[in-house]
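Below are the chains, spelled out letter by letter.
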Amino acid sequence: MDILLQALPALFDAFELILQPVVLGYLIMGVIMGLAVGVFPGLGGIAGLSLLLPFMFGMDPVLGLALMVGMVAVVPTSDTFASVLMGIPGSSASQATVLDGFPLAKKGEAARALSAAFASSLFGGLVGAVFLTFFILIARPIVLKFGTPEMLMITIFGLSMVAILAGRVAIKGVVAAGLGMLVGTIGEGDSAGALRMASYDFPYLTDGLKLVIVGLGIFAIPEIIALLRQDRSISENAKLGGGWFDGVRDWWTNKWLSIRCSIIGVIVGVIPGLGGSVVDWIAYGHAVQTTQDKSQFGKGEIRGIVGPESSNNAKEGGGLVPTLLFGIPGSGSMAIFIGAIALLGSGDIEVGPSMLKSNLDITYSIVWMLAFANVVGTLLCIAASGGIARLTTIRFTLIAPFLFMLISFAAFQSGQNLMDLVALFALGLLGIMLRRFDWSRPAFLIGFVLSDPAETFANQAVQIANFRFRESMEAGLQYIFSPIVIVLVIVTILSIVLGIRQAKNIMAEGNVKSGSKRAPLIFLIVIFAYIIAAYWNAALIPDHSSADRIFPLFVGGVSILGCIILIIQMIRVDETNTIFADREANGDDENATYGLWPTLAWFGFLLVLCAVIGFILALAIFLVSFLRVRAGLSWTHSILYMIAGITFMCFMAWVLGRDFPPGILQATFNLPWPLK
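Draft legend 1. The overall build of the chain, seen in detail. Each helix and strand counted, the chain has 29 helices and two strands in total. Put simply, the chain has 676 residues, and 59% of those count as buried. Put simply, 81% of the contacts in the chain that link residues at least 6 apart link residues at least 24 apart. Entry remark: accessible area of the chain is about 26,700 Å², with carbon and sulfur atoms responsible for 67%.

Structure below.
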């Protein structure tokens, strides 16, 4: 009762915050943006939030959170369009929906499938919000007792779950997370300012890589390139058919399945890093197990939609538990969410125990906004279904250049440096290879996000422990092995053991089939070479800055060991083993109309032009060239589309007060805005 009385004022304050018209306006804007992003297969919440990141700097915290929560809440709902209408998973959390949603659409029952999915998503989202409300009430007193050792241990727990549960080959998850952490250590060290994989002769890397560039490069670019290579519309049929109310009745008939799968979604969401990669398959498996007649699954069984869609929205509420309480991202989108919160206002809001202590009203406003956004998102999805169905019949070739335009603009805003675009291209290439060879991109991203807090907590814990041990052995041991730390150590060990046993059933990037040995082995050797270089670079840090070399040496050592194990396995096993997964040799990309490198060259063409003549002029040439040559439009239509794109970009920059990437031309001549 005391806990409830302490939290009640914050609950009412949160309710007052989100009822402000301007807050509701930003929330609805976020929902609309999330709906737009979720329609395109593969982009999802990570790419959407990455696009928002540059505009979070200094924004009012409540307004910024409303925008982000609106987007996060609706993406698991809107990605259903791709799964049902196109037969393409809208995101990793909607893979199972394809199995029965697409067959129903081919039968002319797309409306029934969508309405059942939307009703299930709404219910799951509300269950997640309710769970988060009560969990924060119960957990807040415990979380406020967390000190540096406890936070370090919960970070290690999060990393262990991310790595082990990242895919069918557990050790690939470990190396992916380690690679992400090493990339996260680029720049000046946290303790002594020693440079790691950077040089003052090349100042761009001294501040490290920006989260928005990493998020867009690792997730958005690979999916856009993959769809662009197919050279077709996302869907061939815009007809939804009838049965909107039939779908709602189907959900009500299976309400107990929806309740159980929502609870599954919440529980899975709480586990850091597991989230969307498995939640829909677990829920789908439960739906199959609890159905007497299993013969219709895969042919259009409505329970195969209700189960996964209930769980994948509920997981967002569960994913916010480790995110808000401990600062440990529960998924890839939550990793971006953490980075964005640090940019809001004056930067004084920090997820974790301090947020529950100092900003409990804002914490609960996130919960209420999550619930409200689910309601608004579902209503908008239903209202927009007809238009979205027609939108998916547009050739993706006509949409892709404008996505490249937005991504390039967003990446540049993170650091206002032309090198931002070079880094975006390099990370995009890495993301493409990670996707191709079935390496967990969420594990890489969460490793990147957690590298800084993990190093900070480790350094602080070591310094304080040394001081306590100088007092007495007993004081030192009490500091390191508190009851909470001991519990977390046990939980971490158990999670690793169970995770290794379950990893073979988890598909990090879908069901990627094996190819030949050569290409996957070459990619592993390239990763191995970078990790060795990072390890060697850290080892060269002088003794007076030794605190800055300990963390990369440890992470590099573990990653090197993981690479050696992978190389040995690749030598010993047959090329049909899942370790040799390769989309190009035996997968979706094998029969693509266009090759990878010619397609990627278009994006490279835009970046080279930017470096020479600046963004706006480069964009004009790029859009006309792409639409005329690749899309096959007439000169008139290409020029009209180009004018529309340039106008939109100038409007965005004018409203937000942003500049465009300059080139050699801008350094030579004094040009008027927007050319400068």
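Anyway, onward from the coordinates.
Draft legend 2. View of the packing of helix α9 (residues 170-184) against helix α24 (residues 547-572). The N-to-C vectors of α9 and α24 enclose an angle of 145°; their axes lie 9 Å apart at closest approach. Between α9 and α24 the crossing geometry is left-handed. Mapping the contact onto sequence places Ile171, Lys172, Val174, Val175, Gly178, Leu179, Met181 and Leu182 in α9 and Phe551, Pro552, Val555, Gly556, Val558, Ser559, Gly562, Cys563, Ile565, Leu566 and Gln569 in α24. Per-class residue counts for the contact of α9 with α24 are 13 nonpolar, five polar and one charged.

Draft legend 3. Representation of the pattern of salt bridges. A complete count under the given rule lists four salt bridges for this structure. Measuring nitrogen to oxygen at the nearest pair gives 2.7 Å for the salt bridge that ties Asp582 to Arg436. Of this pair, Asp582 sits in the loop between α24 and α25 (583-586) while Arg436 sits in helix α19 (residues 419-436), and the two are 146 residues apart along the sequence. Across the pair, Arg436 and Asp582 agree in class, each one buried.

Draft legend 4. Representation of α24 in the model. For α24, built from 26 residues, the straight-helix expectation of 38 Å at 1.5 Å per residue is met to within 8% by its first-to-last C-alpha distance of 39 Å. Every buried residue of α24 is accounted for by Asp548, Phe551, Pro552, Val555, Gly556, Ser559, Ile560, Gly562, Cys563, Leu566, Ile567 and Met570. For α24, the secondary structure elements touched by its buried residues are α9, β2 (195-196), α20 (441-471) and α23 (518-539).

Draft legend 5. Local environment of a nonpolar patch on the surface. Taken together, the side chains of Phe469, Met473, Leu477, Phe481, Ile486, Ile490 and Leu494 make up a nonpolar region of the molecular surface, amounting to roughly 660 Å² of accessible area. Within the residue set of the nonpolar patch, elements represented by two or more residues are α21 (473-480) and α22 (483-502). At three residues, the largest contribution of residues to the nonpolar patch is made by α22. Looking at the secondary structure, you find Ile486 in helix α22.

Draft legend 6. Structural detail: the packing of aromatic side chains. Counting across every chain of the model gives eleven aromatic pairs. Judged by centre distance (4.7 Å) and plane angle (15°), the rings of Phe404 and Phe603 are stacked. With Phe404 in helix α18 (residues 396-415) and Phe603 in helix α26 (residues 596-613), this residue pair connects regions lying 199 residues apart in the sequence. For the pair formed by Phe404 and Phe603, the shared burial category is buried. When the centroid spacing of 6.2 Å and the interplanar angle of 35° are considered together, the rings of Phe425 and Phe603 count as tilted. Linking Phe425 in helix α19 with Phe603 in helix α26, this pair joins segments that are 178 residues apart in sequence.

Draft legend 7. Representation of helix α12 (residues 255-270) in the model. Compared with the 22 Å implied by 1.5 Å per residue over 16 residues, the 23 Å span of α12 between its first and last C-alpha is a close match. Within α12, the full set of buried residues consists of Leu257, Ser258, Cys261, Ser262, Ile264, Gly265, Val266, Val268 and Gly269.

Draft legend 8. Broad picture of the nonpolar core. Counting residues in hydrophobic clusters, the biggest one holds 184 residues, and the most contacted among them are Leu65, Met68, Leu209, Leu324, Phe337, Trp439 and Phe615. By residue number, the principal contributor to this core is helix α10 (residues 211-230), which donates 13 residues. Filtering out sequence-adjacent residues up to four positions away, Met68 remains in contact with Leu49, Leu52, Met56, Phe337, Ala340, Ile341 and Leu344. In this structure, Cys261, Ala287, Phe297 and Val306 belong to the second largest nonpolar core, which totals nine residues.

Draft legend 9. Main features of the side chain of Arg196. Here Arg196 is to be found in strand β2. By relative accessible area, which is 4% here, Arg196 ends up buried. In this structure the side chain of Arg196 is engaged in a polar contact, spanning 2.7 Å, whose partner is the side chain of Glu455. A distance of 2.8 Å separates a polar side-chain atom of Arg196 from the backbone oxygen of Asp548.

Draft legend 10. Fine view of the packing of α12 against helix α14 (residues 303-326). Look at α12 against α14: their axes get within 6 Å of each other, and the N-to-C directions meet at 35°. For the crossing formed where α12 meets α14, the hand is right-handed. Counted together, Leu257, Ser258, Arg260, Cys261, Ser262, Gly265, Val266, Gly269 and Val270 of α12 and Arg303, Val306, Gly307, Ser310, Ser311, Ala314, Lys315, Gly318, Gly319, Val321 and Pro322 of α14 form the full contact between these two elements.

Draft legend 11. Region of the structure containing the confidence of the model for the chain. Looking at the chain as a whole, its pLDDT mean stands at 78, while 83% of the residues score no less than 70. When pLDDT is averaged over each element of the chain, α23 comes out on top at 93 and helix α1 (residues 2-18) at the bottom at 66.

Draft legend 12. Quick peek at the environment of Ser625. On the secondary structure map, Ser625 appears in helix α27 (residues 615-630). Residue Ser625 is classed as partly exposed on the basis of its relative accessible area, which comes to 23%. Sequence separation between Ser625 and Ser638 is 13 residues; the distance between their C-alpha atoms is 8.0 Å. Excluding its chain neighbours within four sequence positions, the residues that come into contact with Ser625 are Trp602, Phe605 and Arg630.

Draft legend 13. Examining the side chain of Arg229 more closely. Note on placement: Arg229 falls in helix α10. On the basis of relative accessibility, which here comes to 4%, the residue Arg229 falls in the buried class. Polar contacts involving the side chain of Arg229 include one to the side chain of Glu584, which spans 2.4 Å.

Rules used in this analysis
- What you see as residue numbers is a count from 1 along each chain, following the sequence as written.
- Owing to the predicted nature of the model, reporting of local features is limited to residues with pLDDT of at least 70; listing and counting of side-chain atom pairs is limited to 80 or more, with chain, interface and lining totals taken over all residues.
- To get the side-chain values, take all heavy atoms of the structure and skip hydrogens and water.
- Each helix is a run of DSSP H or I of at least 4 residues and each strand a run of E of at least 2, with the numbering of both proceeding from the N terminus.
- Three labels apply to residues, based on accessible area from a 1.4 Å probe with only protein chains included: buried if under 20% of the type maximum, exposed if over 50%, partly exposed otherwise in between.
- The contact definition used throughout considers only heavy atoms, calling two residues in contact when any of these lie within 4.5 Å.
- Only the protein chains shown count as cover for residues, and the accessible areas themselves come from Shrake-Rupley with a 1.4 Å probe.
- The axes are straight lines fitted to the C-alpha atoms, using for helices just the contacting stretch, and the angles between their N-to-C directions are given from 0 to 180°.
- In this scheme the handedness of a crossing depends on how the near helix is turned from the far one: anticlockwise by less than a right angle means left-handed, clockwise means right-handed.
- Just so you know the grouping, Ala, Val, Leu, Ile, Met, Phe, Trp, Tyr, Cys and Pro go in nonpolar, Asp, Glu, Lys and Arg go in charged, and all remaining residues, Gly too, go in polar.
- When a carboxyl oxygen of Asp or Glu is within 4 Å of a side-chain nitrogen of Lys or Arg, the pair counts as a salt bridge.
- Expected helix span is taken as 1.5 Å per residue step, with the number of steps being one fewer than the number of residues.
- Like charges are joined within 9 Å and nonpolar side chains (Val, Leu, Ile, Met, Phe, Trp, Tyr) within 5 Å, but only among residues with over 30% relative accessible area and no salt bridge; these make up the patches.
- Between the rings of Phe, Tyr and Trp (Trp by its six-membered ring), a pair exists once the centres lie within 6.5 Å; its type follows the angle of the planes, with under 30 degrees stacked, over 60 edge-to-face, and the other angles tilted.
- Put simply, a nonpolar core is a bunch of buried Ala, Val, Leu, Ile, Met, Phe, Trp, Tyr and Cys residues held in one set by side-chain atoms that sit within 4.5 Å of each other.
- As used in this structure description, the phrase polar contact means that two N or O atoms lie within 3.5 Å; if the pair is within protein, one of them must be able to donate a hydrogen and the other to accept it, and residues adjacent in sequence are counted only when both atoms belong to side chains.
- pLDDT measures how confident the predictor is about each residue, on a scale from 0 to 100.

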